[in-house]
Amino acid sequence: KEVIGQQSVKSKLGFFLDSYRETRIVPPILFTAPKGQGKSLIARELARRLTQRGSNLPKKFVSVNAASFQNSVDNLFDTIILPYVIDKESTVFIDEASELPQKITMSLLTILEPNKDNRTQYNHRGTIYDFDLARTSWIFATSEPQKMFSPLIQRFERIDLEESSIHDLKEIITLSSKINIDDSVLTDIAS
């Protein structure tokens, strides 16, 4: 209910959440939509519902803009993997995924390719790290999926957000406004 509109998206996510309650696994998800359609909001709302084992508390939510990464796997490990992923329960949200540097993209191809036990291993600087998709959930978002490396996109359940309707925009404006706005003016603003 925190997300206005996006009924088909919410239906797909409801399916994943039902499965998550049984299996503790949600597949890596890629949200695509033009800017301003709610990718980050939906990612946060989904993450709030991905709880830690044996608890109703959500997993730690880690959000990073892909443009902030240097083209260095060390950067990925130092900023995300070691502090928030290895042996921890977390949801990693990478926004503007089309801006991922090539070296990080190649690392993510391996990290996000689990075996039948939903685990994978990655050798970084001579140390083998174990990734457990039951402990770490991955959500990516982009407004430019055509710029992403195609094999990486194939690692995700891709969810294309719907364009907001005038009705949805009116509801969003009404909920976020502290003043009463005449309906005809509201329609003009929403347009």
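Residues numbered from 1 in each chain as written. Predicted model: local features only at pLDDT ≥ 70, side-chain atom pairs only at ≥ 80, totals over all residues. Heavy atoms only, no water.

Novice: How should I be thinking about the sheet that holds strand β7 (residues 157–160) in this particular structure?
Specialist: The strands that make up a sheet are held in pairs by hydrogen bonds between backbone atoms, and each pair lies either parallel or antiparallel. If you walk across this open sheet you meet the five strands as β2-β3-β6-β1-β7, and the pairing is parallel. In this open sheet, the two edge strands, each paired with only one partner strand, are β2 (60–65) and β7. Pairwise comparison of adjacent strand axes, ignoring direction, gives a mean angle of 20 degrees for this sheet. Pairing of strand β3 (residues 90–95) with strand β6 (residues 136–142) involves five bridges; the strand directions are parallel. Residue F93 lies in a different strand from β6, and its bridge partner there is I139. Each of β1 (29–32), β2, β3 and β6 is contacted by helix α2 (residues 39–48), which is oriented at about 150 degrees to β1, the strand it contacts most. (Pairing = 2+ DSSP bridges. Helix = DSSP H or I, 4+ residues; strand = E, 2+ residues; numbered from the N terminus. Axes fitted to C-alpha atoms, helices over the stretch in contact; angles between N-to-C directions. Contact = heavy atoms within 4.5 Å.)

Novice: Could you clarify how one ought to interpret the packing of aromatic side chains in this entry?
Specialist: Aromatic ring pairs are described here by two measures, namely the spacing of the ring centres and the angle between the planes. Enumeration over the complete set of coordinates arrives at seven aromatic pairs. Seen in terms of ring centroids, F61 and F93 are 6.1 Å apart; in terms of plane orientation they differ by 20 degrees. Their pairing is stacked. Here F61, found in strand β2, pairs with F93, found in strand β3; they are 32 residues apart in sequence, far enough to count as distant. The partly exposed category is assigned to F61, whose relative accessible area is 28%. On the numbers, 4.6 Å between centres and 55 degrees between planes, the contact of F140 with F156 is tilted. On the criterion of sequence distance, the pair formed by F140 in strand β6 and F156 in the loop between α5 (150–153) and β7 is long-range, its members being 16 residues apart. For the pair shown, F140 and F156 are each scored as buried. One aromatic cluster in this structure is built from F77, Y122, Y129 and F131. (Phe/Tyr/Trp six-rings, centres within 6.5 Å; stacked < 30°, edge-to-face > 60°. Buried < 20%, exposed > 50% of the residue type's maximum accessible area, 1.4 Å probe, protein only.)

Novice: What is the right way to read the pattern of salt bridges from this model?
Specialist: Oppositely charged side chains are able to pair whenever their charged atoms sit close together. Evaluation of the coordinates by the stated rule reveals 13 salt bridges. D130 serves as the salt-bridge partner of R119, at 2.3 Å between the closest nitrogen and oxygen. Separated by 11 residues along the polypeptide, R119 in strand β4 (residues 119–124) and D130 in strand β5 (residues 127–132) bring together distant segments of the chain. The exposure class assigned to D130 is partly exposed, which follows from its relative accessible area of 30%. Between D160 and R158 there is a salt bridge whose closest N-O contact spans 2.8 Å. Take D160: its relative accessible area is 39%, and that puts it in the partly exposed class. One salt-bridge network, in which partners are shared between bridges, spans R53, E89, R119, D130 and D132. (Salt bridge = Lys/Arg side-chain N within 4 Å of Asp/Glu carboxyl O.)

Novice: It is not clear to me how the nonpolar core should be interpreted in this structure. Could you clarify?
Specialist: A general tendency of soluble globular proteins is for nonpolar side chains to be buried together. With 33 residues, the main nonpolar core has I80, I81, I94, L100, F131, W138 and F140 as its most contacted residues. Setting aside anything within four residues of it in sequence, one finds I80 in contact with V62, V64, F69, V85 and V92. By size, the runner-up hydrophobic cluster in this structure holds 19 residues, among which are V9, Y20, F31 and I139. (Core = buried A, V, L, I, M, F, W, Y, C linked by side-chain atoms within 4.5 Å.)

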